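The lines below spell out each chain.
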Amino acid sequence: FRAWSPDISSVCHGDATYVANYRRTPIYYKVTWLKDDKSILAESNYQYNAKIQQAVIGEPVAPIRPAGTGMTWVLDYWVQCDANGDFIYKDGEPIIFQRGQRMPAENLCFFPIFKEEANVITVTFYKEDGISLLGEAKIPYGQPLDDYDDEYATKAHKNASATEHY
């Protein structure tokens, strides 16, 4: 409420009509993004019905628990939770944050769900001279090199055969 129009006089001299004037005030709600340990990563305020931007905070900190050998934790998705980090369910399933989701008329809290991904290793193959590059292979950690070794050994052999002089 801003004021009455016209201003209300302190003394009444007859019938009077007053109209209420309101100022439009946007209502904001808070989004809290939690870390894996349930501490607060970031908080943002959004006007009702605005698009929620996860990109504002970037990637959350990876979990404290160690990943398996040759593995890395990466963010998979966000789950809506209460302020204690306990998941909120709808029809028996946790509510997952959707890109472009609009802000409802309530505060929200999201918890990160991580998945383990194999580290990718770059293996470089050179000719016998150790200088001339045959190629590179991006190989998930722990995957056998046999297939790549054979492929580049064949390239090396073909290349050597074409350039060798007896």
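What counts and what doesn't
- Residues numbered from 1 in each chain as written.
- Predicted model: local features only at pLDDT ≥ 70, side-chain atom pairs only at ≥ 80, totals over all residues.
- Heavy atoms only, no water.
- Pairing = 2+ DSSP bridges.
- Helix = DSSP H or I, 4+ residues; strand = E, 2+ residues; numbered from the N terminus.
- Axes fitted to C-alpha atoms, helices over the stretch in contact; angles between N-to-C directions.
- Core = buried A, V, L, I, M, F, W, Y, C linked by side-chain atoms within 4.5 Å.
- Buried < 20%, exposed > 50% of the residue type's maximum accessible area, 1.4 Å probe, protein only.
- Contact = heavy atoms within 4.5 Å.
- Phe/Tyr/Trp six-rings, centres within 6.5 Å; stacked < 30°, edge-to-face > 60°.

Undergrad: Is there a simple way to think about the sheet that holds strand 5 (residues 71-80) in this case?
TA: What links the strands of a sheet is backbone hydrogen bonding, and the strands pair in either a parallel or an antiparallel sense. Taken in spatial order, the four strands of this open sheet run 4-3-8-5, and their pairing is mixed. Here the strands that pair on one side only, and so sit at the sheet edges, are strand 4 (40-47) and strand 5. When the angles between neighbouring strand axes are averaged without regard to direction, this sheet yields 25°. Where strand 5 lies against strand 8 (residues 108-118), nine bridges are found, and the strand directions are antiparallel. By the bridge assignment, Met71 is partnered in strand 8 with Ala118.

Undergrad: Explanation requested: the nonpolar core in the structure shown.
TA: Generally speaking, soluble globular proteins have nonpolar side chains that are buried together. One finds Val31, Trp33, Ile52, Met103 and Phe110 to be the most contacted residues of the largest nonpolar core, which totals 14 residues. When contributions to this core are tallied by element, the ones reaching two or more residues are strand 3 (28-34), strand 4, strand 5 and strand 8. Leaving out residues up to four positions away in the same chain, Ile52 has contacts with Val31, Trp33, Tyr46, Phe97, Gly100, Gln101, Arg102, Met103 and Leu108. Among the nonpolar cores identified, the runner-up in size contains six residues, and Leu34, Val79, Cys81 and Phe111 belong to it.

Undergrad: Could you clarify how one ought to interpret the packing of aromatic side chains in this entry?
TA: Each pair of aromatic rings is reported with the distance of its centres and the angle of its planes. Evaluated as defined, the whole model comprises seven aromatic pairs. An aromatic cluster is built from Trp33, Trp78, Phe97 and Phe110, whose rings are joined through pairwise contacts.

Undergrad: Please clarify how unusual backbone geometry should be interpreted in this entry.
TA: Glycine aside, residues mostly have negative phi angles, and peptide bonds mostly take the trans form. Ser5 connects to Pro6 through a cis peptide bond whose omega is -10°. Relative to the helices and strands, Pro6 resides in the loop between strand 1 (3-5) and strand 2 (19-21). Even without glycine at this site, Asn49 takes up a positive phi of about 75°. Of note, Asn49 is situated in the loop between strand 4 and strand 5. Backbone geometry at Asp91 places phi at a positive 55°, although glycine is not the residue there. Note on placement: Asp91 falls in the loop between strand 6 (89-90) and strand 7 (93-94).

Undergrad: Could you clarify how one ought to interpret the environment of Phe1 in this entry?
TA: You can see Phe1 is positioned in the segment before strand 1. Along the primary structure Phe1 and Thr25 are separated by 24 residues, whereas in three dimensions their C-alpha atoms are 9.7 Å apart. Discounting chain neighbours no more than four positions away, the residues touching Phe1 are Ala20, Asn21 and Tyr22.

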